[in-house]
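Take a look at the letters that make up each chain.
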Amino acid sequence: MKTMFSILGGFLTAILVITAALCVSVNSLIEQYGNNYIVPSDRLPQVDAIIIPGAKVNADNTPSQSLKNRLDQGYELYQKGYSDKILVSGDHSSPYYNEVEVMLNYLEDLGVPGRDIFVDHSGFDTYDTMYRAANVYEVSNAIVVSQHYHTVRAVYIGHQLGIHTYGVDAAESETANAKWMKLREYGARLKAFFQAGILKPESEVLEEPISIFSDGTVTHDQ
């Protein structure tokens, strides 16, 4: 019996070591890959869209600090003329939680015309955001704006799905939640490696294509 438990323990230990090694390797690969496409704003080309992934919103329907930083950085790129379209993508799976409405309202308050803002209500994770950008909004090249730990993964996913993607880092937010998000990034990158790099499944929600070059207001109320 002791021998059986010893064998089982050794097997589980080996699995844990292999999984940890894989996580570290994939984390490094995606970090290096993404860094190749994160460039200063004075070296960016013009693109089809500036993509801003969603993040937590506050109970008073204002963006969290991390999300505000993304929106401010995306707005700056829009003002500089790198694209005349902004795609905000986030979680609107419940009538009681709507990341994208908060993002839309924030950008409109800054003065971005509604026609220039596309709202993806089904960006439940980064893979969905980038898959739907390519297959619903017909984006061929883009700038993704997020915090660095997330930007590199979004860039990697975008390229794997056929979008020539550049990244621009928004300011970090040193909250407890932000630190947790950095820690969970190891698992998220491992998932991205298999999901975007190998399997490439369709997003669960897909509607008829809506060209990013059309009027974004048709996407606001869904």
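Structure first, text after, so check above.
Residues numbered from 1 in each chain as written. Predicted model: local features only at pLDDT ≥ 70, side-chain atom pairs only at ≥ 80, totals over all residues. Heavy atoms only, no water.

So, on to the side chain of Asp 48. With respect to the element layout, Asp 48 can be found in the loop between α1 (2-35) and β1 (49-53). Leaving out residues up to four positions away in the same chain, Asp 48 has contacts with Ser 83, Lys 85, Glu 138, Val 139, Ser 140, Asn 141, Ile 212 and Phe 213. (Helix = DSSP H or I, 4+ residues; strand = E, 2+ residues; numbered from the N terminus. Contact = heavy atoms within 4.5 Å.)

Leu 44, Leu 77, Ile 86, Val 88, Leu 107 and Ile 143 are the most contacted members of the largest nonpolar core, which totals 29 residues. No other element matches helix α3 (residues 99-110), which puts 6 residues into this core. Not counting residues within four places of it along the chain, the set of residues in contact with Leu 107 comprises Leu 71, Tyr 75, Ile 86, Val 88, Val 112 and Ile 117. Ile 30, Phe 118, Ala 133 and Tyr 137 belong to the second-largest nonpolar core, a separate cluster that totals 27 residues. (Core = buried A, V, L, I, M, F, W, Y, C linked by side-chain atoms within 4.5 Å. Buried < 20%, exposed > 50% of the residue type's maximum accessible area, 1.4 Å probe, protein only.)

The pairing of strands in a sheet comes from backbone hydrogen bonds and takes either a parallel or an antiparallel form. With respect to topology, 5 strands assemble into an open sheet ordered β3-β2-β1-β4-β5, the strand pairing being parallel. Here the strands that pair on one side only, and so sit at the sheet edges, are β3 (117-120) and β5 (164-169). Geometrically, the sheet is characterised by an average inter-axis angle of 25° between neighbouring strands, direction not taken into account. Bridge count for β1 against strand β2 (residues 86-89) is 4 bridges, and the pairing is parallel. Along β2, the bridge assignment pairs Ile 51 with Leu 87. Each of β1, β4 (141-146) and β5 is contacted by helix α5 (residues 148-160), which is oriented at about 175° to β5, the strand it contacts most. (Pairing = 2+ DSSP bridges. Axes fitted to C-alpha atoms, helices over the stretch in contact; angles between N-to-C directions.)

One way to put it is that helix α4 (residues 126-135) packs onto α5 with a least axis distance of 9 Å and a crossing angle of 40°. Considered as vectors, α4 and α5 are oriented oblique to each other. α5 is crossed by α4, and the crossing has right-handed handedness. In contact with Thr 126, Tyr 127 and Met 130 of α4, α5 contributes His 150, Arg 153, Ala 154, Ile 157 and Gly 158. Of the residues in the contact of α4 with α5, the class split is 4 nonpolar, 3 polar and 1 charged. (Parallel < 35°, antiparallel > 145°, perpendicular 65-115°, else oblique. Left-handed = near helix turned anticlockwise from the far one by under 90°. Nonpolar A, V, L, I, M, F, W, Y, C, P; charged D, E, K, R; others polar.)

As a further point, take unusual backbone geometry. Not every positive phi belongs to a glycine, and Glu 138 is a case in point at roughly 60°. Mapped onto the secondary structure, Glu 138 falls in the loop between α4 and β4. By relative accessible area, which is 39% here, Glu 138 ends up partly exposed. Here Lys 200, not a glycine, exhibits a phi torsion of approximately 50°, which is positive. Relative to the assigned elements, Lys 200 resides in the segment after α6 (176-199).

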